[in-house]
Amino acid sequence: MTTSRIRISYSAPTNFLASDQWIQIRTALEEHLPLRSLYWKPSASGSTPSNTGTSVSSIDEMRTQKIDKLQVDLVALDAIKDEGSSQVPSSVLERPLVNLYFFPCEDNESYKNIYKKLVKDWQTLVTNPIKRHQEWLVVLVIRPDFRSSSATSRIFSMRAPVLEKVKADINTDKKKERCVELVWPMLLAGGNAAPANSGDDGWKEVEEKLKEAVIGGFESYVSGRREEIAKSEGQRLMPGWNFCTYFILKESLASSFDGMGLLDEALQVYIELEASFFQALHERNLPWFGNLGGTAAGDDSRSILSTSSKPYHDLILANTITLFDFRTYLFAKQMALLGKMGRVRDVLTRGKEFIVGFARNLRESEACLPSFTAFFMESWIYSACLNTVSQCDRALEVMKESATPNATFIAQYAAAKGELVELARHQLDKIGVHLGYLAPSPPFSLSLPSTFSHPRFANGEKLNSKITRPELVETLGDKDAFDGLYVRVTQDAIDCFVEGKRRKWALKLHGDLAAFDLSRGNFPTAHQTYASLPAHYAPPKHPWPPLEAFVLARSLDAHVKAGRELDRAWLENALTFLGSCVTSEADTQWEGHGMEGIGREGRTKYLEGLVGEIRNTADGLEEELIRSDVGIFSLSFPSTEARLAGDQDGSYLDVIVVNHLSCDISIERVSLVTEGEEDTQFTYEYDSVVLHPGNNSLSLFCPDSHTGTFALSHVSIWISKVHLRWRYPNESSEFPPPNSPLLPAHVSLPHTKPIVRIPVDKDALDVKLSLPKTIQWDAAPAVMLSVHSGRNDIEEAIVRVHGPTGVVFRLTDVALLGDSDSTSLVPEESHVTLQNIHRGQVVSFAVPHSPPPAGSMLSVSISIEYTTKSSDEQTSSSTSDLRRKFSAVRRVSTALPLQVSVMDSFRGKTLISRFTVSSTSHLQVRVKETQLVGGTGLKIRSPRKGPNRVSTMVTPQRPAHFLYQLESESPRYERETLHLHITYRTMREEIELRLQEEVQRAFEEHPDLIDRAQALLVDSLATDASWVQLYIHAEELNIPVKGLDAIPAELQSGIRAVLENLKKPALAEKEDEEGWQKLVIPVDLPFMHILCAVEFHLQGDLDSIYAGQPVPIRLEIFSSFHWGAVSDASAKEYRMRYAVQESVTDWLVSGHKRGDFVATDEGTHSVELTLVPLHHGELAMPTLSISPLSRATTASYDGGMHNASVALPSTETYHVRAAHRVMVLPRGGRSTFVVGMGGDE
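Along each chain, residue indices are assigned from 1 in the same order as the chain's sequence is written. Thresholds applied to this predicted model are a pLDDT of at least 70 for local features of residues and 80 or more for the giving and counting of side-chain atom pairs; totals over whole chains, interfaces and linings are not thresholded and use all residues. Calculated side-chain values reflect all of the structure's heavy atoms, with hydrogen atoms and water omitted.

This brings us to the overall build of the protein chain. For the protein chain, the count of helices and strands is 26 helices and 45 strands. Accessibility here uses a 1.4 Å probe with only protein chains present; expressed as a share of the type maximum, an area under 20% marks a residue as buried, one over 50% as exposed, and anything in between as partly exposed. When burial is assessed residue by residue, the protein chain has 48% of its 1241 residues classed as buried. In the protein chain, the share of contacts with a sequence separation of at least 24, taken over all contacts with a separation of at least 6, comes to 73%. Note that accessible areas follow from Shrake-Rupley with a 1.4 Å probe, and for residues the cover is restricted to the protein chains shown. Approximately 60,800 Å² of the protein chain is accessible, and the part contributed by carbon and sulfur atoms is 51%. Secondary structure elements follow DSSP: runs of H or I of four or more residues count as helices, runs of E of two or more count as strands, with numbering from the N terminus. The contact definition used throughout considers only heavy atoms, calling two residues in contact when any of these lie within 4.5 Å.

What follows is the structure, encoded as structure tokens:
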């Protein structure tokens, strides 16, 4: 074989080679090897022929390739044998790629007289045509002092002329520089050698030139060899052309690429050679090969990765190589290159492809070439797989010494190795079946070829096998050895797949081991293994129904054969097996019970027996066995609309239960759970039924009272204590597809939850939630629950109320509202119990609760458990006296629809309060009346009281104002709270009531149309708001109903009558009308310590006041303590300060504009002032501000400021004649002007 190192020859004058200086130079040169970072680019002119017959290949036009490291052998030129012409093509590695000549010279005379002839002779030798592909380079050795000389001294030195003369003498090709200098020191004093790195700087240029020469020589060789290959390939159709010679020629190119480190290029050449071979094989043009081969000793166990186990190269040259050996050699060469590239995983994967493909070719030839010994194919495949794994493991260990592979690579490598080991195990299956060690049934028969008919040596037939694999030879006559080898190889494959994260592959082999234990009578071990496998194949993790069914069948068989009791574990596997009988269409699940080929009737009988054993085993369970993955049943719905029971509370839901097994199954109960808002759940059930194969129609009944739209939550079916349950997806859908299969796992589930619609049962129990009829603003918040008994005489009803987080209902404070002599209420902490509710009765009670977030919508979950009384009229069904449930979520807005503000005005002993009422939302609110009540010694009057009062519609933009006059004869010593009662209802409630009344009146003879008519009118109101303003102003309800002509005649006539009646204004404030609510708001009676009344008295003639004329006035301040009297004697007097607010545009004020006075109850203080009007017109009098100073007593009126820390009293000032205006006339006067008119003098 050739070595993977290129060769470079060296030569020099004899005396120089014998010197110590040369020894230093050679040592330094070897230390600069191997060469690094070489770049080679394939030339377009010299291209490798492709296997399709084209002249060039695209591989030569690839981008420049880098050679990281190139190993080099330095050899003396004289030591190289004569390179005469040879008929055997050689690679670039067998001859020097570059020739070097070293000589020291520093002057022209020495060069001319001594070295010139030596250099020329060497040049003649290395440029011989035989060496035409070899590059050459002359190295001139000089001393360092030539490089350290000054620029001027270099001009006169001999260094440059010597180099130039050498170049002129040897450079016949002007494109290449073949001479380079090497600066190297002479021997040191004492004969010691210079340090190895003393000339490192001088080697840079030499190294670069040497790399150029190597690439140039290699390129020349490749170009020449490609021309030869192209010439040979062009002659392939000519007589005498030999494929083996062509192979050796082209392989020399691959070896050259290999030696240069261009492994991808070398691999591509072998791939092209393989393609050329397959083309010849396809054309059946193979006269150069011997027989098929594979008959030599050891061929069945020889490594397919070895290129030296036989003299393959010599056999090819001699045209005596067999097809078996040639394929092996060609594959081994490719894998050797992949191994050098570190692609050991690819070696494994390609190895399996080669083994499987070549084995197929050999097996096709086995019939016509009976030279193969018995079990040759099995031994060859077994040995090829395990030998490949062994060699790759050794290569991987070598790789790990330099770098640690990542986890992904290790997993992929282990998986690929596991495939080869499993393939080797398959050969043991074949050997075991043919020897009678294994039964010809799954899983062992799965490895047999399709042409298998019967075992060859199972009945004592003579076995003549010459296989050489030691462990296989031992198994031919020893069943125990076979068993040990079978388990060991299978376990090795399992370990590889586990490390390679191939879960299913490992589980399959575990099943094979369990089947092997079962065939050997090792039932406990087989059962333990089989029992652990089904969970790995079950959905939804890793669904593999046929294999799951097979494993389950074997598990059940092993459980019985092991003599174990039918326990909960057996029951689990039996149920899963029933599900797999539905999901798997394969017949392999029956083979573990000896039921192969028994037909449908036999399988039905077996399933009936298995179902019976399941029921018997389940009867002995202490707790229910819940399973959600057994797909023997599924459900569909003829309609998603439930049917009302009619004579009792409850509804029916029609379903179709599909039995996917071929036998009858008796079940105890079918249950379907629906869910609504706030986790509200109701259950439909059907008891004791036999489900026949296929569709079974059932009507499930729910006794609970509920209505609305609900999503299906889950379905449960009981077989004894086996509870089969399936849950629907979490998403909800309003319109499910009709008759769609919903369950179980093997049937495709809908992506959304199916929806069940339950119609309204007006005669069933119902609950309404609202705010109390009277809302006390300053009391604890509460909601009112109204329980409607409907058709039921309720013996007892337990009501539970739950609110959102943070809202607590105080059920112990609940009390009945209204008169109800027969019904009793028992409040408890967790619930309220109502007793004796008659049919058609409405029981209302208020439930206080903690304050919710301001203005929020309160969502309340209400659940009622009630028991109805049986009676002759009501007992039409056996279920009438059931304990029923009612659950619903009701919402009520805690935000009050009204807001109120008040403005108070004092006038002596009279207080005028103005209340402004408006709505707080977009809803319109009708205020029927307001009433202010409370107070001691007060007379309250309002202009709106009386029989002619009119209701008012208020909005945020259109408030209503209500005036109240309060008269107090006696002083007010204490603060008091009044209450404002507002009777109101929203416009929506008002319209709903009116619609309900008119519709019921119009459809009195057709009550079945009431709901439809009312829904149509409400939808029309919601879609068009043009009626709102007319109703607000005129109370006429003009509903814009569209498409009236398209509805049935009876419905149309009734709606037209309703529309006509609604256009007539109604008396919205009838006393007996329902729907009014009352809001009671606490109002604090104003408390004012000092009330000051200010009055200006003009003195003089008020009819002749002119602008600028001084007007004397008297200011009187009247003080009163009536609205804030105190019993403290020290508070009989207050020191006050007044200030006239001067208006600079109207009046000038002269006098005591600001001053202090003492205010007493019913006291008066007067001040004289003068006003000067600044302009004419009607002028308002100036205003006055009065504020208290400090508290003062009579004794301290001298101005002393005592008790300053006491809070100042409250004060209010009003002008007695605030609307009074003074007419100011403009000042009168006359001026004379003389105007010249012109004329004669």
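Having seen the structure, we can now continue with the description.
As a further point, take a nonpolar patch on the surface. A contiguous nonpolar patch, built from Phe-1233, Val-1235 and Met-1237 and spanning about 440 Å² of accessible area, is present on the exposed surface. Note that Met-1237 resides in the segment after strand E45 (1221–1224). Here the term patch refers to residues with relative accessible area over 30% and no salt bridge, with like charges joined within 9 Å and nonpolar side chains (Val, Leu, Ile, Met, Phe, Trp, Tyr) within 5 Å. For salt bridges, the criterion is a side-chain nitrogen of Lys or Arg within 4 Å of an Asp or Glu carboxyl oxygen.

Looking at the secondary structure, you find Thr-617 in helix H22 (residues 599–619). Any pair of N or O atoms that falls within 3.5 Å is considered a polar contact. Within protein, one atom must be able to donate a hydrogen and the other to accept it, and sequence-neighbouring residues count only if both atoms are side-chain atoms. At 2.8 Å, the side chain of Thr-617 and the backbone oxygen of Glu-613 are in polar contact. Discounting residues that sit within four places of it in the chain, Thr-617 has contacts with Leu-566, Asp-567, Trp-570 and Leu-571.

What follows deals with the sheet that holds strand E6 (residues 135–142). Strand pairing is assigned whenever DSSP identifies at least 2 bridges connecting the two strands. Here 5 strands make up an open sheet; going across it, the order is E4-E1-E5-E6-E7 and the pairing parallel. In this open sheet, the two edge strands, each paired with only one partner strand, are strand E4 (72–76) and strand E7 (179–183). The sheet shows a mean angle of 30 degrees between the axes of neighbouring strands, taken without regard to direction. Sheet analysis places strand E5 (residues 96–104) next to E6, joined by 7 bridges and oriented parallel. Across the sheet, the residue bridging to Val-98 is Glu-135, located in E6. The axes are straight lines fitted to the C-alpha atoms, using for helices just the contacting stretch, and the angles between their N-to-C directions are given from 0 to 180°. Contacting strand E1 (6–11), E5 and E6, helix H3 (residues 108–126) crosses the sheet at an angle of about 175 degrees to E5.

With that out of the way, let us pick up the packing of aromatic side chains. Note on aromatic pairs: the rings of Phe, Tyr and Trp (six-membered ring only in Trp) are paired at centre separations within 6.5 Å, and the planes decide the class, stacked below 30 degrees, edge-to-face beyond 60, tilted for the rest. Going through the model one piece at a time under the given rule, you end up with 42 aromatic pairs. Relative to Phe-218, the ring of Trp-40 has its centre 5.6 Å away and its plane inclined at 70 degrees; by these criteria the two rings are edge-to-face. On the criterion of sequence distance, the pair formed by Trp-40 in strand E2 (residues 35–40) and Phe-218 in helix H7 (residues 200–234) is long-range, its members being 178 residues apart. When the ring of Phe-354 is compared with that of Trp-380, the centres are 6.5 Å apart and the planes differ by 65 degrees; the resulting orientation is edge-to-face. Taken together, the residues Phe-354 in helix H12 (residues 344–366) and Trp-380 in helix H13 (residues 376–402) connect sequence positions 26 residues apart. A relative accessible area of 1% places Trp-380 in the buried class.

Taking 1.5 Å of rise per residue, the 18 residues of helix H11 (residues 323–340) would be expected to cover 26 Å, and the 26 Å separating its terminal C-alpha atoms lies within 8% of that figure. Burial analysis of H11 places 15 of its 18 residues in the buried class, which makes it a mostly covered element. In the segment just after H11, Gly-342 is the residue with positive phi, at about 80 degrees. By this rule the span expected of a helix is its residue count minus one, scaled by 1.5 Å.

Spatially, the 5 strands line up as an open sheet ordered E39-E41-E37-E36-E44, and their pairing is mixed. Only two strands of the sheet have a single neighbouring strand rather than two, namely strand E39 (1147–1151) and strand E44 (1211–1215). Taken pair by pair, the neighbouring strands of this sheet meet at an average axis angle of 30 degrees, ignoring direction. Sheet analysis places strand E36 (residues 1090–1098) next to E44, joined by 5 bridges and oriented parallel.

Moving on: the nonpolar core. Residues grouped as a nonpolar core are buried Ala, Val, Leu, Ile, Met, Phe, Trp, Tyr and Cys residues, joined through side-chain atoms within 4.5 Å. Ranked by internal contacts, the top residues of the largest apolar core, which has 135 residues, are Phe-102, Val-214, Met-260, Ile-355 and Trp-380. Residue contributions to this core peak at 12 residues, all from helix H14 (residues 407–435). Ignoring sequence-local partners within four residues, the contact set of Val-214 consists of Ile-6, Ile-8, Leu-35, Leu-38, Leu-70, Leu-97, Val-98 and Met-260. The next biggest cluster of nonpolar side chains, apart from the first, holds 60 residues, and it includes Phe-809, Leu-858, Leu-911 and Ala-960.

We now examine helix H17 (residues 503–519). Residue pairs three or four apart in sequence face the same way in an α-helix, which turns once every 3.6 residues. An ideal rise of 1.5 Å per residue puts 24 Å on 17 residues; H17 measures up with 25 Å between its terminal C-alpha atoms. Gly-521 occupies a position one or two residues after H17 and carries a positive phi of about 80 degrees.

Before going further, it helps to examine unusual backbone geometry. A cis amide bond, omega 0 degrees, links Leu-33 with the succeeding residue Pro-34. Counting through the fold element by element, Pro-34 comes out in the loop between helix H2 (20–31) and E2. Going from Pro-442 to Pro-443, the amide bond is cis rather than trans, its omega being 5 degrees. Residue placement: Pro-443 occurs in the loop between H14 and helix H15 (470–475). Its identity as a non-glycine residue notwithstanding, Ser-37 has a phi of 55 degrees, on the positive side. Even without being a glycine, Asn-319 presents a positive backbone phi close to 60 degrees. Structurally, Asn-319 can be placed in the loop between helix H10 (312–317) and H11.

Here we take up the confidence of the model for the protein chain. On average, residues of the protein chain score 82 in pLDDT, and 84% of them reach the 70 mark or higher. Note on residues 585–595: pLDDT under 50 across the span, and 27 contacts to partners over four residues away in sequence or across chains. Residue range residues 1192–1205 is modelled with pLDDT below 50. Its contacts to residues more than four positions away, or to other chains, number 13 contacts. Here pLDDT means the predictor's own confidence in every residue, given as a number from 0 to 100.

Attention shifts here to the side chain of Arg-627. Structurally, the position occupied by Arg-627 is in strand E8 (residues 625–627). Of the residues examined, Arg-627 reaches a relative accessible area of 7% and is grouped as buried. Reaching out from Arg-627, the side chain makes a polar contact with the side chain of Thr-576 at a distance of 2.5 Å. Not counting residues up to four positions away in its chain, the partners in contact with Arg-627 are Glu-572, Leu-575, Thr-576, His-723, Leu-724 and Arg-725.

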